[in-house]
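# Analysis of the macromolecular model
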Amino acid sequence: MTSKICHYCLSKLDRDTVGLNKKLLGRQTKQFLCLKCLQGYLEVTEEELLEKIQYYKDQGCTLFV
Ligand SMILES: [Zn+2]
């Protein structure tokens, strides 16, 4: 898996963030955003994004293993 960078601010993305992008934007998405930029894009708080990551992990989603 190649490392991805944020489409907006070019910061490096960790695996959880990439997984969350695929969940929220679709697996075919070519644009990946860091948590900070995702907040602005989706108009949610960082806490909500972290909760979503935890939620998908708890479900055993393969994107987060
Ligand atoms: Zn960013």
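Predicted model, so just to flag it, every value in this text is computed and none were measured. (Residues numbered from 1 in each chain as written. Predicted model: local features only at pLDDT ≥ 70, side-chain atom pairs only at ≥ 80, totals over all residues. Heavy atoms only, no water.)

Let's shift gears to the coordination of the zinc ion. Taken together, Cys6 (SG), Cys9 (SG), Cys34 (SG) and Cys37 (SG) make up the full set of protein donors to the zinc ion, lying 2.2 to 2.3 Å away. Coordination geometry of the zinc ion: the four donor atoms subtend angles of 105 to 116 degrees at the metal centre, consistent with an arrangement described as tetrahedral. In primary-sequence terms, the residues that donate to the zinc ion follow C-x2-C-x24-C-x2-C. Here Cys9, found in the segment before helix H1 (15-25), pairs with Cys37, found in helix H2 (residues 35-42); they are 28 residues apart in sequence, far enough to count as distant. Taking the relative accessible area as the measure of exposure, Cys9 reaches 40% and is therefore partly exposed. Note on Cys37: relative accessible area 16%, which makes it buried. (Donors = N, O, S within 2.8 Å, 3.2 Å for Na, K, Ca; no water. Tetrahedral: all angles 85-135°; square planar, octahedral: opposite > 155°, others 65-115°. Helix = DSSP H or I, 4+ residues; strand = E, 2+ residues; numbered from the N terminus. Buried < 20%, exposed > 50% of the residue type's maximum accessible area, 1.4 Å probe, protein only.)

For the rest of this paragraph, the subject is the pattern of salt bridges. Side-chain pairs of opposite charge can arise whenever the charged atoms involved come near each other. Tallied over the full model, the rule gives one salt bridge. Here Asp16 and Lys57 are joined by a salt bridge, their closest N and O atoms 3.0 Å apart. Of the two residues, Asp16 sits in helix H1 while Lys57 sits in helix H3 (residues 46-58), which places them 41 residues apart along the sequence. Classification of Asp16 as partly exposed rests on a relative accessible area of 23%. (Salt bridge = Lys/Arg side-chain N within 4 Å of Asp/Glu carboxyl O.)

Turning our attention to the nonpolar core. Of all hydrophobic cores here, the largest spans 16 residues; its most connected members are Cys6, Leu13, Leu20, Leu35, Leu38 and Phe64. Contributing elements (two or more residues each) for this core: H1, H2 and H3. (Core = buried A, V, L, I, M, F, W, Y, C linked by side-chain atoms within 4.5 Å.)

Right, let's get into unusual backbone geometry. In most cases, non-glycine residues show a negative phi, while peptide bonds are predominantly trans. You will see that Leu10, though not glycine, has its phi angle at about 65 degrees, which is positive. Mapped onto the elements, Leu10 comes out in the segment before H1. In this structure, Glu43 takes a positive phi of about 55 degrees despite not being glycine. Assignment of secondary structure puts Glu43 in the loop between H2 and H3. Accessibility expressed as a relative area gives 72% for Glu43, which makes it exposed.

What follows deals with the packing of aromatic side chains. Applying the stated criterion across every chain, the model contains two aromatic pairs. Considering the side-chain rings of Tyr55 and Tyr56, the 5.5 Å spacing of their centres and the 65 degrees angle between planes classify their relative orientation as edge-to-face. Assessed through its relative accessible area of 15%, Tyr56 is described here as buried. Ring geometry for Tyr56 against Phe64: centres 5.9 Å apart, planes inclined by 10 degrees, an arrangement best described as stacked. (Phe/Tyr/Trp six-rings, centres within 6.5 Å; stacked < 30°, edge-to-face > 60°.)

Any link to function would need more than the numbers given here.
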